[in-house]
Structure formats: structure tokens, C-alpha cells
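As a plain string of letters, each chain reads:
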Amino acid sequence: MSHPNTSLPRFDLVVPVYNEEAGLPQFFSRLDKLQLNCQPIFVDNASTDNSLALLKSYPNAQVIEHAQNEGYGGSLIDGMAAGSSDYIVVIDADCEYPPESIPALVRALKSHSVVYASRFLDPALEQAANMGFIKTNGNRLFSFAYNSLFKQHTTDLYTGCKGLQRSALNNIEFEQKGFEHVTELSVKLAANGHTIFDIAIQYEPRATGNSKMHYLQDGAKFLKLLSHYYIQQRQGKLV
Ligand SMILES: Nc1nc2c(ncn2[C@@H]2O[C@H](COP(=O)(O)OP(=O)(O)OP(=O)(O)O)[C@@H](O)[C@H]2O)c(=O)[nH]1
Ligand SMILES: [Mg+2]
């Protein structure tokens, strides 16, 4: 990154990685082209393929190595804690969320403490992404349930691409290490008075590697956890 794009404020780019050797070269080259003014923080979650070696070959990146798999949430928690910039951007390593959207996310962070890159905000982009019935309606259901209980308006609770002003994390202690982290983070941000601001993103379903999500199982866990946090909030125990 010889001539970083200095029109944007500096930020930490947190990327959770688990067995993404097939997609990482493309991720790196797309990131390079953007010339971002950022600190990449890669969290290798005990990949069993060549991901870790690839991450270590990327110049000027911070690489966190998990000796054992600590979950998607565990990876984000460690990645976010390792940085020090005022702004944090989280993005998956598989290019499903185009790295080219990062500048818009950072710009939005100047005036919003929490920004989610939504796959469902722009109907034309949603249609082009062709995500399939379960993923689309599962996400709608989760977002609706969360919005109703926590007075928010996000269109994509389960996006893997989001931005945070670091100060939004000040009062938050995390306990969830798996994909449940997404729920916990969103609930606790709301409980701390933050409002999620959505920007539209063109989602590109993965062309390489395998998904490790189990939608029905993870969906049931989500609804249980959301109820748990709602009850905690009603009892005044959430913050
Ligand atoms: N599934 C999974 N992903 C992890 C883990 N740790 C880090 N990740 C990374 O978290 C990001 C999201 O995981 P994905 O498996 O792509 O989840 P997804 O995007 O919902 O599923 P796909 O649409 O099939 O890609 C990717 O960058 C993974 O490499 C983990 O323990 N499990
Ligand atoms: Mg993915």
C-alpha cells in the first residue's frame, strides 16, 4: 500500500478467516486496488488449509492466530480488540461482500456510530444477488424480530460487513463466541443507545470454498438468544 487513500479516515479492517485459501488471493488483490488507509487485522481461526501462510504473506497486516477454533464471534472479538483506530470495519474474507464497498462504509461512519452493509436495502441489488428463499427470508425474519424488540430499523441483521465507531464498544462485554455474536453485538449496541444505519451493498454469493453455516440450527439458536436478551432488557440487566 504505497499511496494509501488518505481522503478517508484511518480505520482497522477486521477480517475473520477460516479455511479461505481459495478466495484469499482475490480478496488481497481487490483490497490492494483500493489503496485504503487502514490497518488490516486478519484473524485466522485455526484454519486447516493454507490460509494462515497466505495471511502472513500479506504486507503490513496484523495476523492473529487462534490455536483452536474459537468461533466466528471469537474471531471478531479478538480482531476488534487488537486494533486502536477510532473506526472499525468488519468484512468476511470470501469476497461475498465486495471490498469495494468499504470506502462507502467508512464515509458513513463519520456521521453514524454503527453502519451495517445491507444486502436487502436496495431491491434491485437484492434481486441481482439471488440469495435463495431460505437465506433471504431467514434474514428478513431475524431482522424483523430484532427490530421489533429493540426498536431498530436495520434491513440486514446478519450481514457480515459492518462498521463501528470504536467508542460504540465501550460498555460492551461479549459472551457469545459463535455466529450468535452477531445477535449479541446488535442487541448490546441498541441497549447502549446506538441506532444501526444501513447502506446498500451488492452481495456476491461465494464462488469458491464451502459455507459452514447451518441455517436451521443457527436460526433456532438466534431466536432463543434474542428472547433471552429481550427478557434481560425487561429486567434491566442488559447494560
Ligand atoms: N463458518 C465459520 N466461519 C468462520 C469461522 N471463523 C472465521 N470465519 C470466517 O467468517 C466469515 C463468514 O463465514 P462464512 O462461512 O462465509 O458464512 P456465510 O457467509 O454466512 O456463509 P456463505 O454464504 O456460504 O459464505 C468467513 O470469512 C469465514 O472465513 C468459523 O469458525 N466458522
Ligand atoms: Mg460467506
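Residues numbered from 1 in each chain as written. Chains lettered and ligands numbered in written order. Predicted model: local features only at pLDDT ≥ 70, side-chain atom pairs only at ≥ 80, totals over all residues. Heavy atoms only, no water.

Caption draft 1: Region of interest: the nonpolar core. Judged by nonpolar contacts, the single largest core of 35 residues is most densely connected at Phe11, Leu13 and Ile102. For this core, the elements supplying multiple residues, two or more each, are β1 (11-17), α1 (24-34), β2 (38-44), β4 (87-90), α4 (102-109) and β5 (114-118). The residues touching leucine 13, leaving out its near neighbours within four places in the chain, are Leu31, Cys38, Gln39, Pro40, Ile41, Val89, Ile91 and Ile102. Ranked by size, the runner-up nonpolar core spans 32 residues in total, among them Ile88, Tyr158, Leu189 and Leu226. (Core = buried A, V, L, I, M, F, W, Y, C linked by side-chain atoms within 4.5 Å. Buried < 20%, exposed > 50% of the residue type's maximum accessible area, 1.4 Å probe, protein only. Helix = DSSP H or I, 4+ residues; strand = E, 2+ residues; numbered from the N terminus. Contact = heavy atoms within 4.5 Å.)

Caption draft 2: Representation of the pairing of strand β6 (residues 162-165) in the model. By the alternation rule, side chains of β6 split into Lys162 and Leu164 and Gly163 and Gln165, which are all buried. Pairing geometry for β4 and β6, over four bridges, is antiparallel. Pairing of valine 89 across the sheet is with glycine 163, part of β6. (Pairing = 2+ DSSP bridges.)

Caption draft 3: Local environment of the packing of aromatic side chains. The final tally for this structure, using the stated rule, is ten aromatic pairs. On the basis of an interplanar angle of 10° and a centroid distance of 4.6 Å, the ring pair of tyrosine 72 and phenylalanine 179 is categorised as stacked. Of this pair, tyrosine 72 sits in helix α3 (residues 71-82) while phenylalanine 179 sits in the loop between β6 and α7 (180-191), placing them 107 residues apart in sequence. Pairwise contacts between aromatic rings join Phe28, Phe42 and Tyr58 into one cluster. The ring of tyrosine 203 is capped by arginine 119, whose NZ or CZ atom sits 5.0 Å from the centre of that ring. The ring centre of tyrosine 116 lies 4.6 Å from the NZ or CZ of lysine 162, which sits over that ring. (Phe/Tyr/Trp six-rings, centres within 6.5 Å; stacked < 30°, edge-to-face > 60°. Lys NZ or Arg CZ within 6 Å of the ring centre and 35° of its normal.)

Caption draft 4: Quick look at the coordination of the magnesium ion (ligand 2). All of the protein donors around the magnesium ion (ligand 2) are Asp94 (OD) and Glu96 (OE); their distances to the metal are 2.1 Å. Across this residue pair, the class does not change: aspartate 94 and glutamate 96 are buried. (Donors = N, O, S within 2.8 Å, 3.2 Å for Na, K, Ca; no water.)

Caption draft 5: Structural detail: α7. The first and last C-alpha atoms of α7 sit 17 Å apart over twelve residues, in line with the 16 Å expected at 1.5 Å per residue. When you tally the buried positions in α7, you get eleven out of twelve residues, the bulk of the element. Residues of α7 that are buried include every one of Glu180, His181, Val182, Thr183, Glu184, Leu185, Ser186, Val187, Lys188, Leu189 and Ala190, and no others. At its buried positions, α7 is contacted by α3, β5, α6 (133-150), β6 and α8 (215-234). Immediately beyond the C-terminal end of α7, within one or two residues, lies glycine 193, with a positive phi of roughly 90°. (Expected span 1.5 Å × (residues − 1).)

Caption draft 6: Main features of the sheet that holds strand β7 (residues 196-200). With respect to topology, seven strands assemble into an open sheet ordered β3-β2-β1-β4-β6-β5-β7, the strand pairing being mixed. Each edge of the sheet is formed by a strand with only one pairing partner; in this case those strands are β3 (62-65) and β7. On average, adjacent strands in this sheet sit at an angle of 20° to one another, irrespective of strand direction. Both β5 and β7 contribute to a ladder of five bridges, which runs parallel. Paired with serine 118 across the strands is alanine 200, a residue of β7. Across the sheet, α3 lies against β1, β2, β3, β4 and β6, angled at about 155° from β1, the strand it touches most. (Axes fitted to C-alpha atoms, helices over the stretch in contact; angles between N-to-C directions.)

Everything listed here is a matter of geometry and, on its own, says nothing about what the molecule does.
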